[in-house]
Every structure is written in structure tokens, then in C-alpha cells.
Amino acid sequence: MTARSFDQRLNQMHWQPTAIPSQKIVDDVLARRASVSLRVEWIVAGMVLGMLIGFGLKGTIAPDAPFGAHADTLGYVVGALCLLAAAASASLAILAIPLHKKLPQVSQFSLSNLLMIMVLLVS
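From a predicted model like this one, the values you see are computed outputs, not experimental measurements.

Chemist: Residues and numbers for helix H5 (residues 104–122), please.
Modeler: Counting along an α-helix, one turn takes 3.6 residues, and residues three or four places apart therefore face a common direction. Taking 1.5 Å per residue as the helical rise, H5 with its 19 residues ought to reach 27 Å, and the 27 Å between its terminal C-alpha atoms agrees with that figure. Three or more residues of H5 are buried, namely Pro104, Ser107, Gln108, Phe109, Ser110, Ser112, Asn113, Met116, Ile117 and Leu120. Contacts from the buried residues of H5 go to helix H3 (40–61) and helix H4 (73–96).

Structure below.
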């Protein structure tokens, strides 16, 4: 595009470099909803619960684990609760994805919870 055609196009649009934005543009910019801020309480709660569930799952998987195959009755109960909690965490994370605009706290909690569970299981 040459400078001449660029200037012609600007003249056709009646562009003025000192033009003030219209009230509609200002209202549209100011009316935008602020982005959802991170709630640290929900993230920390999800991480702490994820660590507890992750360590419990690690205790059911590892050989000679306290909650594994050779555990006593209390070990079986704790292992079953950890497995149930892990399944509930995965289900909550799947349900939180479509609800992240309505309930951002649940999304932050469940995703940080599931992240900590996966990190502890991988390590």
C-alpha cells in the first residue's frame, strides 16, 4: 500500500487523530465485567485436601503400605475412603469445568485439588 492510497483511505474514513471516543465506546469499555480474581483460600484448601488424598492413595499403592493389601481393618477403611475421595475429586473437577463462570471458587478448588493428587501420585 502506498502512502498516497493510505492517506486517501484515511480521508475517506474521515479519520481525525485528535478525535474523542464516543460515549458508546466509553460505556462499552467501562461496562466490561472485571475478570474473576483468584481466591487464595479456595486454592490453598484444594491443595491441602489434595495432599491428604494423594498421600492416602500413595499409601494404598506403594508396597508394604499402611493402607495397602496387607493392612488391618483401619487400613482398609482409610484406603477405601482415600479411593472414594479421589473419585469424588475427579468427578468434581469434571463438573466444575462447565460451571467455571458461575462458580469460579469451585473450579479453583477442584482443579488445584486434582493437581496436587496427580503430583503426589507421579512422584
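Chemist: Before we move on, can you summarise a nonpolar patch on the surface with the specific residues and values?
Modeler: A surface patch of nonpolar side chains, about 690 Å² in accessible area, is lined by Val40, Val44, Met47, Val48, Leu49, Met51, Leu52 and Phe55. You can see Val44 is positioned in helix H3.

Chemist: Kindly report on the nonpolar core, identifying the contributing residues and their values.
Modeler: Formed by Ile53, Leu57, Cys82, Ala86 and Ile117, the largest nonpolar core amounts to five residues. Listed by contribution, the elements that provide at least two residues to this core are H3 and H4. Setting aside anything within four residues of it in sequence, one finds Ile117 in contact with Gly50, Ile53, Gly54, Leu57 and Ser89.

What counts and how
- Residues numbered from 1 in each chain as written.
- Predicted model: local features only at pLDDT ≥ 70, side-chain atom pairs only at ≥ 80, totals over all residues.
- Heavy atoms only, no water.
- Helix = DSSP H or I, 4+ residues; strand = E, 2+ residues; numbered from the N terminus.
- Expected span 1.5 Å × (residues − 1).
- Buried < 20%, exposed > 50% of the residue type's maximum accessible area, 1.4 Å probe, protein only.
- Contact = heavy atoms within 4.5 Å.
- Patch = residues over 30% accessible without salt bridge, like charges linked within 9 Å, V, L, I, M, F, W, Y side chains within 5 Å.
- Areas by Shrake-Rupley, 256 points an atom, 1.4 Å probe, with all protein chains shown as cover.
- Salt bridge = Lys/Arg side-chain N within 4 Å of Asp/Glu carboxyl O.
- Core = buried A, V, L, I, M, F, W, Y, C linked by side-chain atoms within 4.5 Å.

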